[in-house]
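# Analysis of the macromolecular model
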Amino acid sequence: MKYFKLLLVFSILLFLNKGYAQFGPGGVGNSTSNGLWLKADDISQTNSTPVVTWNDASGNNNNATAAVNEQPLFVSNSSFNGMPAIRLDGINDQMVIADTDILDGTNGITIFAAIRPNNLDGAPRGILGKRITFNDAPTYAYSWFFHTSNYLNLDINNYNHNRFNSNPTNFSNTNNYLLKMGFDGSLATNQAYIYNAGSLIAQSNIPESTITNSPADLVLGGLNYNYSNRFGADYAEVIQFNYSLNLAEEIIVNNYLSAKYNISLTSNDLYTRDNSGAGNFDYHVAGIGQATDGSNHTDSQGTGIVRVSNPRDLQNDEFLFWGEESQNPTYTFSTNTITHTEQLNSVWRIGRRNNVGRVDISFDISGIDLSGKQSCQPLQLILDDDADFSMTDANDEVYDLTISGTTATATNVRMRNNRYFTIRYADEIIWNGSNFCNGSGAGNAPDHTDECLKLTVQSGTSATLTSNAHVREIEVESGATLIIDDGVLLEVEDLVHTNGIIDLQGEAQLIQNHTGTTSNCGTGILIKRQQGTSNLYNYNYWSSPVNNGGTWQIGDIEDSNGVINFHSSADADHTTTPITLSSRWLYSYNGLSNTYAIWNILTPSSALTPGIGYTMKGSGVSGVQEYIFRGIPNDGDYSIPIAAGDDILIGNPYPSALDADQFINDNLSVIDGSLYFWEQFTTNNSHNLQDYEGGYSIRNLMMGTAATADASGLTSGNGTASKPAPEQYIPVGQGFFVRASASGGNIQFNNAQRFFARESLNEAVFYKGKTKKSSAKKDERTKIWFSFTEPNIVTKQFGLGYDTNATKEYDKGYDALANEDLKNDVNWFLNGEELTIQALPSLDINDELALKIKIADEGFYRFAIDKIENLPQGLGVFLKDKNSNTYYDLNADLVEIYLEAGDYDNQFFIVFKENQSLSAETIESEKLSVFYDKNSKDIVFNNLDKFNNLKGIKLFNSIGQEVINLNSVVSNNINVSHLSEGVYIINVDTDNGVKTAKVLKF
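Notes on the structure in this doc start here. These numbers come from a predicted model, not from an experiment. (Residues numbered from 1 in each chain as written. Predicted model: local features only at pLDDT ≥ 70, side-chain atom pairs only at ≥ 80, totals over all residues. Heavy atoms only, no water.)

### Digging into the overall build of the protein chain
Of the regular secondary structure elements, the protein chain holds 4 helices and 84 strands. Each principal axis of the C-alpha atoms in the protein chain carries an extent, and together these give about 135 × 80 × 50 Å. A burial count over the protein chain gives 57% of its 1002 residues as buried. For the protein chain, the share of sequence-separated contacts (at least 6 apart) that also reach a separation of at least 24 residues comes to 67%. Distance from the positive charge centre (65 side chains) to the negative charge centre (114 side chains) of the protein chain: 3 Å. (Helix = DSSP H or I, 4+ residues; strand = E, 2+ residues; numbered from the N terminus. Buried < 20%, exposed > 50% of the residue type's maximum accessible area, 1.4 Å probe, protein only. Contact = heavy atoms within 4.5 Å. Lys, Arg positive; Asp, Glu negative; His and termini not counted. Charge placed at Lys NZ, Arg CZ, Asp CG, Glu CD.)

As structure tokens, then:
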């Protein structure tokens, strides 16, 4: 335990030595060597009030105290460069520092004092003394005082044989002095000395090599405690070290005091940045260097937050100093309007004698609030030839600071003479009318790494983003324009504040990532364009991506010539400027499913909240009609109520694509999990309801299916609907239907559902009458899209998919109910429900999946596979007619069947194998057919039922080791989830011999 305590004490001492290695005056000394440090600027009290305690800054708690009636007065603005001082009246004032070992009993000592005498008269006036009486040698350590002819005297250990003075140099009242006394017992001669303003004025031989370890207290204002003659003076600073400073250290401390108190040095006045012509960088001066005698000091911080160390090329007579412009800074950052960076509100300046080489520099940032301000961009050290930090000179330099805890460091820094330096960080990317500043992209524009920076477009300017960018927030000032090029994403962590214009060109999109409600604001607008149908008789299903005052009026929509007109006629008129649309076809929907009377008539001035969908018919223009939305961009959380059993027309409320999967998952407790998109035939030519031709495309978590459409593009062997199935991402402005679940609730839109997807890359499909072929998003699930084509070449698409989240029952979000009543129709038939999309947990070749077919027009109907994804190789897909026991191979070609009018329930099925009897010869030659189902992790046998008397199944790995041995066969599936990926050999033992196949598990 004793050993542990000693080790602990030693460790603490090492820690203290390291921690205080550079924090003494001017960066010299530490708490083990700097025994006393009294600074009047540490005192915080009212001018002319008594000073009871003067706290020691050395770390040794050697505070000076004064008894009642002996207390000096505090001077808040003294002659010492306007710095504080304490004023001893020369009558009865004195201050006492209790005896402690560090103050004497050593073979060296150095004491500095910045004082201004006011009662020198030839009598003994003590600056300080540590003795009990003048003739008590065993208790006499030292005394430092003015005496005859106002010479400065010094006693070391004894007044009699050791006293010497500064003759012929004498001192006078009302002058500021920077004095130093010292003793170095290691010297053979001239062990004691006195300096004034950096120059030696007296020295003497002292027979002793050690200063007496006196029990006396140290007294300011007298030769000893209660000495009869008191010293009248202003004290600005008193510093004591328990060793004799080397020359380099002495020069550094003198320059620190000289700058702080504006006292000129007569020798080694190396730091001149404290002069008024150099900017008065008087404060927190510190330095490193090497004196002409080879002594050095290489690590300094002092009273400030700047530490410099590790000079790379230090030689004799080389020094580096730095000083701060602020005496008592409260550090904050403000914008430098030249560089558009956040710059610290205090500056340092360098003073250098010769060149010490490159150095390391660090800042104590514990008192600087950087929280939430500086993150993705580095804190930087900047050195500039000009105090404006415009950073335009060739010699100006920037160094990234590495932050560790509360210290920010740059290494190998070049610190030229007279340079200014401070720290900064970039908080904002500015477009100033001609250039971007502070961005990480080309030309300093923002890119995808700048998510912690604000983007500002300055007033009256126009900026263009040509590449994807990610910023913290956006401000477009009054009269400014921010153009986002076609196909570019602007992603924002927080708010958009525009008093100008944000123009999303083409497929440009804006995404905001914050949670909660929007903070978007301003008197400006965002512009987003979207193309709609031009057919006079067809509907667009819209949802506005912007708002004006929190809602959207259909009458605010524009074309390229301005705000669109509306009239009550049935047909639009595209010949006017701007175009004129019909207000007769403006509707919203929120009510019982398939109830036509629920359609709610709207007017151009109806106020629609974000997320609400509405209908609007086409303009009749040739080609595609472009519409323009102007307003504050929609953003954040929106909630829309829906009652149980109801359908509602809603839409993507954002100026970006919407992730359908995320939206469905977020709302699966409220809706049935499928989204329905209305699409009409481009050939429609009537406003009469009974003449409408069209249908719903569907999207859920399983897949998307295309709307019923004119299938004139059908080709032999592969039926293809002319309209694409919805992709995972819903385009800007797209409206769609959802159906409430049994309980209903509130439909939620939020920023997490937003996604960047472009229609031109088939990532999103806008249902506006324009044909756009696309492909479903790739994943590892098995999916099959089937088509059913009427005699009049109208095609219905229905889908089958496999997902481990699905069951063989109806699953919200994976199965999709049919949402239209077609006269000729086909759907899956599950437990009395008709499904357009059916999802199952795994592929089973024994499944027979029932279809419900309704025929009004007899004739030849085509069945085909439109598209497959991840279908196991070699797996058959057949249409089975149960009544005739006929199997149609859909893999081989499209199938045409003549159907009479009527309902076909439980007659037609999709199956995965043919049911046929085989002769002995056929069985003997039959090959084993297997595949690996990645979803279920099963090996699946396609044709086990074609072999007689199955005796067992064995599975071997690629090196011939038996890994599975089944003596009986009870299923067409073998689960191999426990086996590693690779090739496996399967042996099936039958009456007709062993059948062998290979399968790859992946």
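On we go.
### Looking at the environment of valine 96
The residue valine 96 is located in strand β6 (residues 95-97) in this model. When the C-alpha atoms of valine 96 and asparagine 224 are compared, they prove to be 9.4 Å apart, with 128 residues separating the residues in sequence. Setting aside its immediate chain neighbours within four residues, valine 96 contacts Asn63, Ala64, Thr65, Asp217, Leu218, Val219 and Tyr225.

### A closer look at the sheet that holds strand β38 (residues 489-492)
Judged by pairing direction, the sheet is parallel, and its 3 strands sit side by side in the order β35-β38-β41 without closing on themselves. Of all strands in the sheet, those bounded by a partner on one side alone are β35 (469-471) and β41 (509-512). Averaged over all neighbouring strand pairs, the angle between strand axes comes to 15°, with direction disregarded. Sheet analysis places β35 next to β38, joined by 3 bridges and oriented parallel. Note on β38: the bridge partner recorded for histidine 470 is glutamate 491. (Pairing = 2+ DSSP bridges. Axes fitted to C-alpha atoms, helices over the stretch in contact; angles between N-to-C directions.)

### What about unusual backbone geometry?
The bulk of non-glycine residues show a negative phi, and the bulk of peptide bonds are trans. The omega angle of the peptide bond from asparagine 167 to proline 168 is 15°, so this bond is cis rather than trans. Relative to the helices and strands, proline 168 is located in strand β11 (residues 164-170). Here threonine 577 and proline 578 are connected by a cis peptide whose omega angle stands at -10°. The phi angle at methionine 391 is positive, at roughly 60°, despite the residue not being glycine. Of the residues examined, methionine 391 reaches a relative accessible area of 19% and is grouped as buried. One non-glycine residue, asparagine 444, adopts positive backbone phi at about 65°.

### Structural notes on the side chain of serine 33
In this fold, serine 33 is placed in the loop between α1 (2-19) and β1 (34-39). Apart from the residues lying within four places of it in its own chain, the contact partners of serine 33 are Ile102, Gln240, Phe241, Asn242 and Tyr243.

### As for the pattern of salt bridges
Taken as a whole and judged by the stated rule, the model has 33 salt bridges. Notably, a salt bridge pairs arginine 87 with aspartate 234, separated by 2.7 Å at the nearest N-O pair. Residue arginine 87 is located in strand β5 (residues 85-89), and its partner aspartate 234 is located in strand β16 (residues 232-241); the two are separated by 147 residues in the primary sequence. In this structure, arginine 419 and aspartate 385 form a salt bridge, with 3.7 Å as the shortest nitrogen-oxygen distance. Highlighted residues: arginine 419 in the loop between β29 (407-413) and β30 (420-425) and aspartate 385 in the loop between β26 (380-384) and β27 (397-400), separated in sequence by 34 residues. Look at the salt bridges and you will find they share partners, linking Asp385, Glu397, Arg414, Arg416 and Arg419 into a network. (Salt bridge = Lys/Arg side-chain N within 4 Å of Asp/Glu carboxyl O.)

### A few points about the environment of tryptophan 54
By the element assignment, tryptophan 54 lies in strand β2 (residues 53-54). In sequence terms tryptophan 54 and glutamate 693 are 639 residues apart; their C-alpha atoms lie 95 Å from each other. Filtering out sequence-adjacent residues up to four positions away, tryptophan 54 remains in contact with Leu38, Lys39, Ala40, Ile43, Asn63, Ala64, Ile86, Met95, Leu220, Tyr235 and Ala236. Within polar-contact distance, the side chain of tryptophan 54 engages the backbone oxygen of lysine 39 at 3.0 Å. (Polar contact = N/O pair within 3.5 Å; in protein donor to acceptor, adjacent residues only side chain to side chain.)

### Some words on helix α3 (residues 660-667)
Listing the buried residues of α3 in full gives Ala660, Asp661, Phe663, Ile664 and Asn667. Take α3 and look down its axis: the buried residues cluster within an arc of 165°, on one side only. Between a side-chain oxygen at the N-terminus of α3 and the backbone nitrogen of aspartate 661 the separation is 3.0 Å; the capping residue is aspartate 659. (Arc of directions from axis to C-beta.)

### A short note on the packing of aromatic side chains
For the structure shown, the criterion picks out 43 aromatic pairs. Measuring from ring centre to ring centre gives 5.6 Å for tryptophan 348 and phenylalanine 421, while their planes differ by 10°; the resulting arrangement is stacked. Here phenylalanine 421 lies in strand β30 and tryptophan 348 lies in strand β24 (residues 348-353), a separation of 73 residues in the sequence. Three or more aromatic residues joined by ring pairs make a cluster, and in this case those are Tyr541, Tyr587, Tyr589, Trp599, Tyr676, Trp678, Tyr696 and Phe737. The lysine or arginine in question, lysine 39, covers the ring of tryptophan 37, its NZ or CZ lying 4.6 Å from the ring centre. Sitting over the face of the ring of tryptophan 585, lysine 617 holds its NZ or CZ atom 3.7 Å from the ring centroid. (Phe/Tyr/Trp six-rings, centres within 6.5 Å; stacked < 30°, edge-to-face > 60°. Lys NZ or Arg CZ within 6 Å of the ring centre and 35° of its normal.)

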